[in-house]
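Structural characterization, general
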Amino acid sequence: MKKNLISAFVLFLLIVASARDSSAMSMPSRVSTSSPNAPAAQLADVNVTDLIKSAVQEICDGNFSAAEQTLSKADAKNPSIASLSNLISQYNQIELTKQQSLKKAFDEQVAAIEKFKSAPETNEPNLLEVFPAIIRAHEFATDEQKKRILSDEFVQKTIAKARQSAAELESKGKWFDSLIYCYSWLAALYEDDKTIRDKRKELEGKMLIEASMMNNPCEGYADRYQKIKPEVFLRSLDVLEYGYVEPFYYSNMADEAFNHFRYLAEVLQFSDGSDGNLAVDFSKDKIPDFIAGLDSLKKKYSSEPVGISKDQFIKLFGEILILNSSTINLSEQMVVRHFADAALSVLDPHTIIIWPKEKTDFEKNMTNEFTGIGVEISKADGLLRAVSLVPGTPAYYSGMDAGDIIEAVDGQKTRDMSITCAVSKITGPAGTKVMLTIRSQGEEKTRDIIITRTKIVVPTTHGWC
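These remarks concern the structure in this document. (Residues numbered from 1 in each chain as written. Predicted model: local features only at pLDDT ≥ 70, side-chain atom pairs only at ≥ 80, totals over all residues. Heavy atoms only, no water.)

**Focus: the pairing of strand S4 (residues 405-409)**
Of all five residues that make up S4, four are buried, and the element is covered over most of its length. Here S4 pairs with strand S6 (residues 433-439) via four bridges, running antiparallel. Pairing of Ile405 across the sheet is with Arg439, part of S6. Relative to strand S5 (residues 412-413), S4 is paired through two bridges, and the arrangement is antiparallel. Within S5, the position partnered with Val409 by the bridge is Gln412. Hairpin connection, S4 to S5: the antiparallel pair is bridged by two residues, and Asp410 has positive phi, about 50 degrees. (Buried < 20%, exposed > 50% of the residue type's maximum accessible area, 1.4 Å probe, protein only. Helix = DSSP H or I, 4+ residues; strand = E, 2+ residues; numbered from the N terminus. Pairing = 2+ DSSP bridges.)

**Let's talk about the side chain of Arg453**
You can see Arg453 is positioned in the loop between strand S7 (447-452) and strand S8 (454-457). Buried and unpaired, Arg453 has Asp410 as its nearest opposite-charge partner, separated by 4.4 Å. Here Ile426 takes part through its backbone oxygen, which lies 2.8 Å from a polar atom of the side chain of Arg453. A distance of 3.3 Å separates a polar side-chain atom of Arg453 from the backbone oxygen of Lys433. (Lys, Arg positive; Asp, Glu negative; His and termini not counted. Salt bridge = Lys/Arg side-chain N within 4 Å of Asp/Glu carboxyl O. Polar contact = N/O pair within 3.5 Å; in protein donor to acceptor, adjacent residues only side chain to side chain.)

**Section: the environment of Asp295**
Checked against the element boundaries, Asp295 lands in helix H13 (residues 287-302). Judged by its relative accessible area of 39%, Asp295 is partly exposed. With 33 residues separating them in the primary sequence, Asp295 and Arg262 have C-alpha atoms 9.1 Å apart.

**Brief notes about the packing of aromatic side chains**
Counting across every chain of the model gives 14 aromatic pairs. A ring pair is formed by Trp175 and Phe270, whose centres lie 5.3 Å apart and whose planes are at 85 degrees; its orientation type is edge-to-face. One end of the pair, Trp175, is in helix H9 (residues 175-189); the other, Phe270, is in the loop between helix H12 (250-269) and H13, and 95 residues separate them in sequence. By relative accessible area, which is 2% here, Trp175 ends up buried. Summarising the aromatic geometry, the rings of Tyr396 and Tyr397 are spaced 5.2 Å apart at their centres and angled 90 degrees between planes, so their arrangement reads as edge-to-face. Residue Tyr396 is classed as partly exposed on the basis of its relative accessible area of 41%. The rings of Phe233, Tyr244, Phe248, Tyr250, Phe261, Phe290, Phe313, Phe317 and Phe339 are connected pair by pair, giving a single aromatic cluster. (Phe/Tyr/Trp six-rings, centres within 6.5 Å; stacked < 30°, edge-to-face > 60°.)

**Concerning the pattern of salt bridges**
Think of it this way: side chains of opposite charge can pair up when their charged atoms draw near. Scanning the model with the defined rule gives 20 salt bridges in all. Of the charged contacts, one joins Glu202 and Lys206 as a salt bridge, the two residues approaching to 2.7 Å between their closest N and O atoms. Here the residue Glu202 and the residue Lys206 both occupy positions in helix H10 (residues 194-212), the gap between them amounting to four residues, near one helical turn. Residues Glu202 and Lys206 agree in their burial class; the two are buried. Linking Lys300 and Glu319 is a salt bridge whose minimum nitrogen-to-oxygen distance equals 3.1 Å. Taken together, the positions of Lys300 in helix H13 and Glu319 in helix H14 (residues 310-326) put the pair 19 residues apart, joining distant regions of the chain. Judged by relative accessible area, Lys300 falls into the partly exposed class, the value being 36%. Members of the salt-bridge network, linked through shared partners, are Glu170, Lys199, Glu202, Lys206 and Glu266.

By themselves, these figures tell us nothing about what the structure is for.
This is how it looks when you write it as structure tokens:
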């Protein structure tokens, strides 16, 4: 698509120039009757400018074959027609080269899948070995080839095995493993499958909830919720009411909050309280009461025929706080943050509350200056990834690439690190070094790279109307 747009734009510039030349003539230019491609009587009535306009429209529609056919009706010796035809020929050559490259890449991945198929049953390949080949073959395939890949018996068996493994892992509260061994792959293969998308979202949500209740190398659990009060969230609703540019519905925000607390309850069920893997104190024996209370509140607020108002939403918020204190008894600060973050997540990725603990980091980021290596990171799918590299920075020249997974920072695993913790580990004083253990997407082998930090100035993008 990008190449189509670029080619169309180049052609458009040339066409504008050609049309300008044509309009400067005292009489419209007529196609030569000597053209071998059409009868003379027909060509005599064809205006070159009209042909060019038709070809432009076909190019804008992405139909280069039709544009080529349109131009074939004109005299090939006409300079404007010849230039356009030459550009279309160049585009066709680029497309041919691209298709040949895709076919070669597809054939290589199919060969890899066939190799896995022929492996002895006693040496069955790991899912993390098979899925990358299936994903890449699917990525390079035509629509018809994609159907054949997904209907292949070996691929179907692999997917069935992944689902079975995921279910077993999920039954043990291993959300990350369930995601990494199954649903992150299936989401790439079945992009339009809502059930798979929802399951992936659920697992990611549980992972984030679990991480929010654990100590990590950068901060203790309690530090995360310092100075959080219900009033902070209530004031944010006032800002939304009068400042949000798009219509929003409190019913949708309430539904997301209910889903989130259901996930939270499931995460708590796999912990032994303060003696288990979570750092929080809570009453595990009261989890069934908490879930029953959630169900009752959801039924109550979902029965509203026209949705709920702001006042009703605020009342729900208060009732969730009361339900928590009378059952599982998590800290109020934690419940406030989880409710608020879940509710706001239905709006857009940029509408968030900067909580007191994050205020300093937020103000630092607003200056567009920091000391680090120049990499933008994300943990949207549970894996710490390099999203992009700032040109001219140490990360840009280090051998990293966008999409690489950062497995460890200075030897510390990133699996259970929050995004804030990872940033604090990667950034640091100018002149100091940081070691990243990275793995390219689709590969299992990792490698260590050492990068020297420096002052980074993030370039500002300017726009105009």
